[in-house]
Structures are given as C-alpha cells and as structure tokens.
Number of protein chains: 4
Amino acid sequence: MGEISVRDELAAFVAERDWAQFHSPENLAKSIAVEAGELLECFQWGAEASTERVREELADVLTYCMLLADRMGVDPNQIVLDKLALTREKYPVDKSRGRSEKYDVL
Amino acid sequence: MGEISVRDELAAFVAERDWAQFHSPENLAKSIAVEAGELLECFQWGAEASTERVREELADVLTYCMLLADRMGVDPNQIVLDKLALTREKYPVDKSRGRSEKYDVL
Amino acid sequence: MGEISVRDELAAFVAERDWAQFHSPENLAKSIAVEAGELLECFQWGAEASTERVREELADVLTYCMLLADRMGVDPNQIVLDKLALTREKYPVDKSRGRSEKYDVL
Amino acid sequence: MGEISVRDELAAFVAERDWAQFHSPENLAKSIAVEAGELLECFQWGAEASTERVREELADVLTYCMLLADRMGVDPNQIVLDKLALTREKYPVDKSRGRSEKYDVL
C-alpha cells in the first residue's frame, strides 16, 4: 500500500473527529516528542523490549510525523530523500566509515 | 516515489558507511527522541517556526523511524494503518468529535 | 549554597533580560524536553559520554525545571520529596527489590 | 529543608530497593527524557494544564536529574550556577533584553 493511501486514511480519521483544529504544527511537534518519549520508555532500563510495544509506539511517532508533513504540504518520503542528499555530503564515505562521531569532529 | 525506494536508499547509505553496527533498536529509539527534541526546539518560544528548519528536523525524525521500522522488519505505512484501526475503536466518532481529551476521560 | 540562592540567582538573570514574558509553563515544559534531548544525545550511540558535556546538559535541564517550579510557586526539593512518598507506596521494598519492572506488572 | 536531605532521602529509597544497578548515567538520561515527555504531555494540546499533574511530572524529571547528578558526583545547585555564569556571557543584557533569539543570531 502506498504513501497516498496512508495519508488519505489519516486525513479521513482526523476529519471525522473534527480534530484538525488541534493539529497546529506546534501541537504536532509536541505530540511527536511525547510519543518519542513513550517509544524510548520501552528501552528505559536496557536494550531488550517487547516487539509488540515498540511497534505500537513507533506507529504513534510516525502517525504524528505524517500529520505534520501533511499540515506543511510536504511528502514524508521526499523530505527524507532530500535530507539524505545533504547528509551524504556531511558524512563522506571515506571519513565516516565505521565511525559514529558527528561530522564536526570527523 | 514509493516507500520501497526510500527504504533502499537509506539501506544503501547505511551500508556504505558500515553504520548498521550502531543501529540497535535502543540506539535508534534514543536517536528518534533526540531528533524530536530538535524539532520541538523550532517551536520552543512560540507557534511560529521556519518552514525550512521544521522540514529538515522532521526529516531527521522520520529517517530514524524508518531505520527502526526496517530493523524490526515492519513496514512504516502498515504499522500506522494497524495502529489507526485500534485508535478508531478507542476514539469513536460520536464521543470524540471536536474534543482533545484522552479516551480514558471521554 | 542553599536552594534559595540558586532561585534568586536565576530570578535575577531572567529579570535583567526581561525574559519572564517567554517563560510560560508551556514554554518551560517544551524547553525541558528540548534540553532532555540534548542530554540524551550525549549517550546516543553508547553508554560512554564526556563528563563535562553531561554536566552542562544536565545543568540546562535543571535550570528550566527550577524556573518552572518557581513559575508554579512550588519548591523543587519539596515536590521531589512529596512524589517520593507516593512512589514508596507504589513500589514496596519487598515487591520491587532488585527489579526494574513498572508497578503495574510487579 | 536543604538539598542534602533530598539527596539522602533519594539515596535511601534507591538503596532499599537495590536499584543502583539500573541507574547507569545512560539509563538516567533516558529516564529524564521519558519523564520530560510526560511533563510535555500536560501541554500537548494547549497552554492550560492541571497544576497537580504538572507538579507530579516535574517532580519525576527532577528526581532523575538529582539521581544523575549524584551518580556523577556533582551538586545540582552548583552545576546550575556554573552554567548560569557561562550563559550570562553568551547572553549579555544589552543584546538579549526582551528577545528570545539564540545567541548565535543576536
């Protein structure tokens, strides 16, 4: 199923509930941070986590990300690809291979 | 451009840099929270934010979400749709219309 | 040096810059989340982190926490002690000793 | 009641439950981010929030901050004051008065 379908499903869900009024970019950014905290909680005390729980929390983060992308009129896949092009330049393969340091210390 | 392509582009980017070793689910969950904080910073003092900056920070959150989905062998669009089905049940249209309260107080 | 002094130093710093206008509880809560993300970034790829950097980022989280406590008219130490009393009840020693599970699964 | 007492109360609470084993700096940094997300959730859809709920969530963030400070052998008040001295230099009164911009754009 393609991106369009998910976008349409989410838009219908929001419209049925008249929730667009709550979905300012600021509120969606807060919601992404709130859900990212719940995802992180799966790993609060260690590397092991319930796959089922991680999948649900990740879905929540993704949902608000897609709603924010839609609110801003951008395509989620396209902005990931655009940013990837910039990151490729900041982290050239020969300098960054096998290293987790930030670009400013590479 | 479909989801498959983004997934393949990200996988190639990671493989070229030998970065899969850093991408444990736990580290990716931390990365999502870190980037969600940077996205939130765009709105730290108010509702207005630079569109360009929001798009870049949102792309960073989405990138780590897609990497985590891939690491767990799930499709980002599918888990959003699966979760949406559950949320539809928790927030029936007649109870939740025009209200931002959580399901447990509706 | 006691809590009072830090509170007074922070209040003077804010007053000199006329920044109280930006310090709504909501903005301070966002700021705490933003700084918590920067603290987490110290540990993004593993358990090791620069002590100096952790100390600075932790100071930033604490600063906004103290500003929010002050804005709400509560004492930071007192609310920690009040919450600790509740947590002692939720996690009795005999049930929680040596276990990291949440109270609802203990 | 001074900082020493809170520190001692928290240390006793942790020791009774044998929880120091879970309190690596990394786990405490994750915990601070998780609790910061719960605090932010109070303001997810707007500026109004329950005072009682904010106080409890703020207490949780502060608790983990104090545990991390203790784990690193630093005094919470002192690192706030040390950081404040640095921030005073980055944000001179004449440049920053009444403005919320970051120091690099002032």
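Residues numbered from 1 in each chain as written. Chains lettered and ligands numbered in written order. Predicted model: local features only at pLDDT ≥ 70, side-chain atom pairs only at ≥ 80, totals over all residues. Heavy atoms only, no water.

## Details of the pattern of salt bridges
Between side chains of opposite charge, pairing is possible as soon as their charged atoms come close.
Okay, step 1: In total, this model carries 44 salt bridges over all chains according to the counting rule given.
Okay, step 2: In this structure, the salt-bridge partner of Arg7 of chain C is Asp70 of chain C, at a minimum N-O distance of 2.6 Å. Of the two residues, Arg7 of chain C is situated in helix α1 (residues 3–17) and Asp70 of chain C in helix α3 (residues 51–72); the sequence distance between them amounts to 63 residues.
Okay, step 3: Using a relative accessible area of 42% as the deciding quantity, one classes Arg7 of chain C as partly exposed.
Okay, step 4: When its relative accessible area of 30% is taken as the criterion, Asp70 of chain C is described as partly exposed.
Okay, step 5: The closest approach of N and O atoms between Lys83 of chain D and Glu56 of chain C, which form a salt bridge, is 3.6 Å. Taken together, the residues span two chains, with Lys83 of chain D in helix α4 (residues 76–90) and Glu56 of chain C in helix α3.
Okay, step 6: A cluster of three or more residues bridged by salt bridges with shared partners is formed by Glu9, Glu16 and Arg17 of chain A together with Arg88 of chain B. (Salt bridge = Lys/Arg side-chain N within 4 Å of Asp/Glu carboxyl O. Helix = DSSP H or I, 4+ residues; strand = E, 2+ residues; numbered from the N terminus. Buried < 20%, exposed > 50% of the residue type's maximum accessible area, 1.4 Å probe, protein only.)

## Concerning the relation of the copies chain B and chain A
Okay, step 1: Superposing chain B onto chain A requires a rotation of 180 degrees together with a translation of 0.0 Å along the rotation axis, leaving an RMSD of 0.0 Å. Such a combination of rotation and displacement between the chain copies is what one expects of a two-fold axis.
Okay, step 2: Taken as a fraction of all interface residues of chain B, those also at the interface in chain A reach 100%, which identifies the copy contact as same-surface. (Least-squares fit on C-alpha atoms with pLDDT ≥ 70 in both. Contact = heavy atoms within 4.5 Å.)

## Some details on the interface of chain B and chain A
Okay, step 1: Residue-level contacts link 60 residues of chain B with 60 residues of chain A.
Okay, step 2: At the boundary of chain B with chain A, total buried surface from both sides reaches about 5,500 Å², with 71% on carbon and sulfur atoms.
Okay, step 3: When the buried area of chain B at its contact with chain A is split by residue, Arg17, Val80 and Arg88 of chain B rank highest and sum to 10% of it.
Okay, step 4: Our count for the contact surface shared by chain B and chain A stands at eight salt bridges.
Okay, step 5: For the pair chain B and chain A, the number of links is 14 residue pairs in polar contact (both at pLDDT 80 or more).
Okay, step 6: Counting residues per element, the side of chain B that touches chain A draws most heavily on helix α3 (residues 51–71) of chain B, which supplies 14 residues. (Buried area = accessible area lost by both parts, 1.4 Å probe. Polar contact = N/O pair within 3.5 Å; in protein donor to acceptor, adjacent residues only side chain to side chain.)

## A closer look at unusual backbone geometry
All names here are of chain A.
Okay, step 1: Backbone geometry places Asp18, a non-glycine residue, at a positive phi of 55 degrees.
Okay, step 2: Looking at where Asp18 falls in the secondary structure, it is placed in the loop between α1 (3–17) and α2 (25–41).
Okay, step 3: The exposure class assigned to Asp18 is partly exposed, which follows from its relative accessible area of 38%.

## Some words on the domain arrangement of chain A
Okay, step 1: Entries for chain A in the domain assignment read domain 1 (6–73) and domain 2 (75–106).
Okay, step 2: Computed from C-alpha coordinates alone, the two centres of domain 1 of chain A and domain 2 of chain A are separated by 25 Å. (Domains from an automatic or database assignment.)

## What about the interface of chain D and chain A?
Okay, step 1: Each partner contributes to the interface: chain D provides 16 residues, whereas chain A provides 16 residues.
Okay, step 2: Taken over both partners, the interface formed by chain D and chain A buries close to 1,400 Å², and the fraction arising from carbon and sulfur atoms is 63%.
Okay, step 3: At the boundary of chain D and chain A, one finds zero salt bridges.
Okay, step 4: Put simply, chain D and chain A have four residue pairs in polar contact (both at pLDDT 80 or more) between them.
Okay, step 5: Here the side of chain D that touches chain A takes nine residues from helix α2 (residues 25–41) of chain D, the largest share from any one element.
Okay, step 6: Partitioning the side of chain D that touches chain A into residue classes produces seven nonpolar, six polar and three charged. (Nonpolar A, V, L, I, M, F, W, Y, C, P; charged D, E, K, R; others polar.)

## Some words on the packing of aromatic side chains
Okay, step 1: Summed over all chains, the structure comprises 20 aromatic pairs over all chains.
Okay, step 2: Judged by centre distance (6.3 Å) and plane angle (50 degrees), the rings of Trp45 of chain B and Tyr64 of chain C are tilted. Residue Trp45 of chain B is found in the loop between α2 (25–41) and α3, and its partner Tyr64 of chain C is found in helix α3; the two belong to separate chains.
Okay, step 3: Residue classification places Trp45 of chain B among the partly exposed positions, given a relative accessible area of 26%.
Okay, step 4: Under the relative-accessibility criterion, Tyr64 of chain C is labelled buried at 15%.
Okay, step 5: Between the aromatic rings of Phe13 of chain C and Trp19 of chain C, the centroid separation amounts to 5.6 Å while the plane-to-plane angle is 80 degrees, which identifies the pairing as edge-to-face. (Phe/Tyr/Trp six-rings, centres within 6.5 Å; stacked < 30°, edge-to-face > 60°.)

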